[in-house]
Amino acid sequence: MTVTIVGSQLGDEGKGRVVDLYSDEADVVVRYQGGDNAGHTVCHDGEEYKLSLVPSGAIRGKVGVLGNGCVINPRTLFDELEMLRDRGLDPDVRVAQRAHVIMPFHRVLDGIEEDVKSEDDQEVGTTGRGIGPTYEDKAGRRGVRIGDLLDPDVLRERLEYIAPQKRAVVEEVYGLDPDALEEYPDAFDVDALFEEFREYGRRIEREDMAVNAGAYLSDAREAGKRLMLEGAQGTIIDIDHGNYPFVTSSNPTAGGATVGTGLSPGVIGGGEVIGIVKAYLTRVGSGPLPTELGGVPGDTPGYDGDPENPRTESEELATEIREAGDEYGTVTGRPRRVGWLDMPMLRHAARASGFTGLAVNHVDTLAGLDELEVAKAYELDGERLETMPPTTERWADCEPVFRTFDGWKEQDWEAIAEDGYDALPAEARAYLEYVSDDLDIPIYAIGVGPSREDTIVCERPY
Ligand code: IMP
């Protein structure tokens, strides 16, 4: 049986804690897309672990698999594995031979392209990890895959094709000197790249990490193992279903779980697909956010923090939520933009992935507010919309139609997590039931604090 975990908003919904909660009963935890752009914090035995690539289940002694839909930076992979080993863990992580490798030049190009776009305020606000450029080369049929690291002849052949091409782009398209990049001095040097990445290949072989992901996972499933498929990022930054171009370059939606692992759509669809919802919204980077409160200068379009700007008025509330929810990027440390819950967005996400259950996080973060707003619909050109329009520009024009809810007071959340759903304040239950009823999807879990113990568990999917 499979359980797939999908972010329903803009990433950072708290997927890691839900994976962590249910992975106790899983045998294998798989990531199916993205790379080391996916910051996740996992609390285990009173310790906090910050990871960006290794599947969080690996902390709990599960087999962690990075599927073929992932892009893997071996530097990050081995750094994270070493960090976990230094802290006394023994992670078992496998990597798909079909997964693509993030090379140093991909990170360089990510940075350059963002700089160029920023001249016209067009930057995406990427994590700078080289994610987009690596997927570009995958689609361009010139990428380097994990399997290539295992074969020196193939690796050299691939590098000899791609590295000079990237060098030429930097020199001729961007007019920069590729040899003057302080952070990545050998990023375009075929011999240096070969040496470093061939060594990763040897290491992957020595540690028996390389797998044929689809076959490995199918065999595990047929042998009765329970699989958990862990999406990174979220629906609204999905390259197909998100607000293009302010998206990541992969598919966090449930379809990505099938192409990114080699398990069939029937297998994924026949299992559970849990949509992870934050009780409000956050966004890292640029792009519209119709329910945004206040703004983060540099990220919120057209906002520079000017006290005269009407946005500034609601910044106090945004700051309160940001501080209460510790809304700063795990990978980048950047302050996250904050907004009210958006039902048209959730309807879109539920349809795209076919959620069978919901996990709603950060219910405790909203405690203490007198009132809460939820966008129940949008208004666009005098018409009411129940879901997101397909273009980002039209989405930016949407005016939220709010419904107001009574707030709830601070509580002893630990006690509530122990006592269960009925112990929640009535106002919080009204809020949650509205979301569940509107989407017609049951709530499986409710997060009321940072660690997995701070969770009201209504349903166990396995
Ligand atoms: P990239 O994935 O680094 O290419 O960044 C593309 C967009 O996705 C940017 O707006 C990032 O801020 C956003 N993004 C990427 N990874 C995450 C994540 O794990 N959480 C939230 N946003 C993310």
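Rules of the game
- Residues numbered from 1 in each chain as written.
- Predicted model: local features only at pLDDT ≥ 70, side-chain atom pairs only at ≥ 80, totals over all residues.
- Heavy atoms only, no water.
- Pairing = 2+ DSSP bridges.
- Helix = DSSP H or I, 4+ residues; strand = E, 2+ residues; numbered from the N terminus.
- 1 Å grid on protein atoms, 1.4 Å probe; cavity = no way out; pocket = protein on both sides within 12 Å on 5 of 7 lines; lining within 4 Å.
- Points joined across faces, edges and corners; volume = space filled by probe spheres on them.
- Nonpolar A, V, L, I, M, F, W, Y, C, P; charged D, E, K, R; others polar.
- Domains from an automatic or database assignment.
- Phe/Tyr/Trp six-rings, centres within 6.5 Å; stacked < 30°, edge-to-face > 60°.
- Buried < 20%, exposed > 50% of the residue type's maximum accessible area, 1.4 Å probe, protein only.
- Salt bridge = Lys/Arg side-chain N within 4 Å of Asp/Glu carboxyl O.

A. Structural view of the sheet that holds strand S5 (residues 63–66). The mixed open sheet is built from 10 strands, whose spatial order is S9-S7-S5-S2-S10-S1-S11-S16-S20-S21. Each edge of the open sheet carries a strand with a single partner, namely strand S9 (210–211) and strand S21 (455–457). Where strand S16 (residues 357–361) lies against strand S20 (residues 443–447), 3 bridges are found, and the strand directions are parallel. Each bridged residue has a counterpart across the sheet, and for Ala 359 the counterpart in S20 is Ala 445.

B. Representation of the layout of surface pockets. The computed volume of the second largest pocket comes to approximately 250 Å³. Around the second largest pocket, the lining is made up of 17 residues, and of these Asp 121, Ser 286, Asp 299, Pro 301 and Gly 302 lie nearest the centre. In terms of residue class, the lining of the second largest pocket is made up of 5 nonpolar, 7 polar and 5 charged. Counting contributing residues per domain, the lining of the second largest pocket is built from domain 2 (101–203) and domain 3 (277–457), each supplying no fewer than three.

C. Representation of the packing of aromatic side chains. The final tally for this structure, using the stated rule, is 6 aromatic pairs. Geometrically, the ring pair formed by Phe 405 and Tyr 431 is edge-to-face, given 5.4 Å between the ring centres and 80° between the ring planes. Pair noted here: Phe 405 is in strand S19 (residues 399–406) and Tyr 431 is in helix H15 (residues 426–439), with a separation of 26 residues, a long-range link. As far as burial versus exposure is concerned, Phe 405 and Tyr 431 are alike and both buried. The interplanar angle of 65° and the centroid separation of 5.3 Å between the aromatic rings of Trp 408 and Tyr 431 together place this pair among those described as edge-to-face.

D. View of the pattern of salt bridges. Applying the stated rule across the entire model yields 31 salt bridges. For the salt bridge of Arg 87 with Glu 47, the shortest nitrogen-to-oxygen distance reads 2.7 Å. Of this pair, Arg 87 sits in the loop between helix H2 (74–86) and strand S7 (92–96) while Glu 47 sits in strand S4 (residues 47–51), and the two are 40 residues apart along the sequence. Judged by relative accessible area, which is 35%, Arg 87 ranks as partly exposed. For Glu 47, a relative accessible area of 38% puts it in the partly exposed group. Put simply, Glu 207 and Arg 85 hold a salt bridge, and the shortest N to O gap is 3.3 Å. Separated by 122 residues along the polypeptide, Glu 207 in the loop between helix H7 (190–206) and S9 and Arg 85 in helix H2 bring together distant segments of the chain. Assessed through its relative accessible area of 29%, Glu 207 is described here as partly exposed. On the basis of relative accessible area, Arg 85 is assigned to the partly exposed category, the value being 33%. Via salt bridges that share partners, Asp 12, Lys 278, Glu 327 and Arg 336 belong to a single interconnected network.

Geometric values such as these leave the question of function open.
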